[in-house]
Amino acid sequence: QVQLVESGGGLVQAGGSLRLSCAASGIILRINSMGWYRQAPGKQRELVASITTGGSTNCADSVKGRFTISRDNTKNTVYLQMNSLKPEDTAVYYCNLDVLTATLTKLSSWGQGTQVTVSS
C-alpha cells in the first residue's frame, strides 16, 4: 500500500556532506512521525533522527550539530542532511515513516536502505 524510495547515499571523504531523501507513495492520508535509522556491520540498528508532524526534531547525541532532519509534507518526503561526516557514520541508512492510509490503516513503513560510506 505504501512504497518508500530512498536516495542520496554514496561514498564520501571524512568531513564531506551527503543528503538523503526518502519519498513515500501510495494511498496516504497522513504521515505522522518520520525518522532515519542506521545499521553498521555487526551492530544493532539505531535511531539517527526523527521529526514529528509539527516539525519537532530529535537527534542522536552522536550526530547532533552535524545532521539535520527535515520534511516536506507536500511531497511526502523526509530528508537527512549530513555534514562533517566521520568514518564512524558509515552504515546502511533506513527511513521509517508512520503512515495512516486512506483506508485508515496504520503502517510503519521502512525504506530499502541506502549505503553511506565515509573514508578517512
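Everything in this summary refers to the structure shown in the same document. All values derive from a computational prediction rather than experimental measurement.

Reading the values: the criteria
Residues numbered from 1 in each chain as written. Predicted model: local features only at pLDDT ≥ 70, side-chain atom pairs only at ≥ 80, totals over all residues. Heavy atoms only, no water. Phe/Tyr/Trp six-rings, centres within 6.5 Å; stacked < 30°, edge-to-face > 60°. Lys NZ or Arg CZ within 6 Å of the ring centre and 35° of its normal. Helix = DSSP H or I, 4+ residues; strand = E, 2+ residues; numbered from the N terminus. Polar contact = N/O pair within 3.5 Å; in protein donor to acceptor, adjacent residues only side chain to side chain. Contact = heavy atoms within 4.5 Å. Pairing = 2+ DSSP bridges. Axes fitted to C-alpha atoms, helices over the stretch in contact; angles between N-to-C directions.

**Section: the packing of aromatic side chains**
- All told, the structure shown has one aromatic pair when counted by the stated rule.
- The ring of Tyr-94 has Arg-45 sitting right over it, with the charged end atom 3.8 Å from the ring centre.

**Some points on the side chain of Thr-77**
- With respect to the secondary-structure elements, Thr-77 resides in strand 8 (residues 77–82).
- One polar contact links the side chain of Thr-77 to the main-chain carbonyl oxygen of Lys-75, over a distance of 2.8 Å.
- In this structure Thr-77 touches Cys-22, Ala-23, Met-34, Ser-70, Arg-71 and Asp-72, once residues within four positions along its chain are discounted.

**Thoughts on the environment of Arg-71**
- Here Arg-71 lies in strand 7 (residues 67–72).
- Taking C-alpha positions, Arg-71 is 9.9 Å from Ala-23, a pair spaced 48 residues apart along the chain.
- Residue contacts for Arg-71: discarding those within four places in its chain leaves Ile-31, Asn-32, Ser-33, Met-34, Ile-51, Thr-52, Thr-53, Thr-77 and Val-78.
- A polar contact is formed between the side chain of Arg-71 and the backbone oxygen of Asn-32, at a distance of 2.8 Å.
- A distance of 2.9 Å separates a polar side-chain atom of Arg-71 from the backbone oxygen of Thr-52.

**A few points about unusual backbone geometry**
- Look at Asn-76: it is not a glycine, yet its phi comes out positive at around 50°.
- Even without a glycine there, the phi angle at Ser-84 is positive, about 50°.
- Structurally, Ser-84 can be placed in the loop between strand 8 and strand 9 (91–101).

**Focus on the sheet that holds strand 1 (residues 2–7)**
- In space, the four strands of this open sheet follow the order 1-3-8-7, with antiparallel pairing throughout. Two strands bound the open sheet, and with one partner strand each, they are strand 1 and strand 7. The sheet shows a mean angle of 15° between the axes of neighbouring strands, taken without regard to direction.
- Where strand 1 meets strand 3 (residues 18–26), six bridges bridge the pair, whose relative direction is antiparallel. In the strand pairing of strand 3, Ser-7 is matched with Ser-21.

**A short note on the side chain of Thr-114**
- The residue Thr-114 is located in strand 11 (residues 114–119) in this model.
- Here Gly-9 takes part through its backbone nitrogen, which lies 3.3 Å from a polar atom of the side chain of Thr-114.

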